[in-house]
Amino acid sequence: MASNEDRVDESSTGEFESQAELAQVGLVREFWDYLRSNKKWWLTPIVVVLLLVGALVMLGGTAAAPFIYTLF
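It should be emphasised that the depicted structure is a prediction, and the values quoted were computed from it without experimental measurement.

Caption draft 1: Layout of the overall build of the protein. The helix and strand inventory of the protein stands at 4 helices and 0 strands. Counting all 72 residues of the protein, 6% fall into the buried class. Carbon together with sulfur atoms contributes 67% to the accessible area of the protein, which is approximately 6600 Å² in total.

Caption draft 2: Geometry of the pattern of salt bridges. This model, assessed by the stated rule, comprises 1 salt bridge. Put simply, R29 and D33 hold a salt bridge, and the shortest N to O gap is 3.5 Å. Of this pair, R29 and D33 both sit in helix 2 (residues 27-38), 4 residues apart, which is roughly one turn of the helix. Classification of D33 by relative accessible area gives partly exposed; the value is 30%.

Caption draft 3: Representation of unusual backbone geometry within the structure. Positive phi, normally seen in glycine, also occurs at K39, with a value near 55°. Mapped onto the elements of the fold, K39 is located in the loop between helix 2 and helix 3 (43-60). Overall, K39 belongs to the exposed group, its relative accessible area being 61%.

Caption draft 4: Summary view of the packing of helix 2 against helix 3. The N-to-C vectors of helix 2 and helix 3 enclose an angle of 155°; their axes lie 11 Å apart at closest approach. Taken together, the axes of helix 2 and helix 3 lie roughly antiparallel to each other. Here F31, Y34 and L35 of helix 2 lie close against helix 3, whose contacting residues are L43, T44 and V47. Class assignment for the residues of the contact of helix 2 with helix 3 results in 5 nonpolar, 1 polar and no charged.

Caption draft 5: Spotlight on the environment of S18. Relative to the helices and strands, S18 is located in helix 1 (residues 4-21). Assessed through its relative accessible area of 36%, S18 is described here as partly exposed. Among the polar contacts made by the side chain of S18, one reaches the main-chain carbonyl oxygen of E15 at a distance of 2.7 Å.

What counts, and where the lines are drawn
- Residues numbered from 1 in each chain as written.
- Predicted model: local features only at pLDDT ≥ 70, side-chain atom pairs only at ≥ 80, totals over all residues.
- Heavy atoms only, no water.
- Helix = DSSP H or I, 4+ residues; strand = E, 2+ residues; numbered from the N terminus.
- Buried < 20%, exposed > 50% of the residue type's maximum accessible area, 1.4 Å probe, protein only.
- Areas by Shrake-Rupley, 256 points an atom, 1.4 Å probe, with all protein chains shown as cover.
- Salt bridge = Lys/Arg side-chain N within 4 Å of Asp/Glu carboxyl O.
- Axes fitted to C-alpha atoms, helices over the stretch in contact; angles between N-to-C directions.
- Parallel < 35°, antiparallel > 145°, perpendicular 65-115°, else oblique.
- Contact = heavy atoms within 4.5 Å.
- Nonpolar A, V, L, I, M, F, W, Y, C, P; charged D, E, K, R; others polar.
- Polar contact = N/O pair within 3.5 Å; in protein donor to acceptor, adjacent residues only side chain to side chain.

Okay, here's the thing in structure tokens:
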């Protein structure tokens, strides 16, 4: 006869495996769900500015660099 601990381990293992088999949610979708559920809308402008600065840094090393420097 299995003890209660064995039953808990089997049920948690089954739940873990079922969660692992679900489709992966993307990072953007996960962040969006976080913003909606926790009402952290003030994070949105920070993330947008960081993405824009990152894009400028990435484009600064390409052929588009002379066009970016004219913006400043």
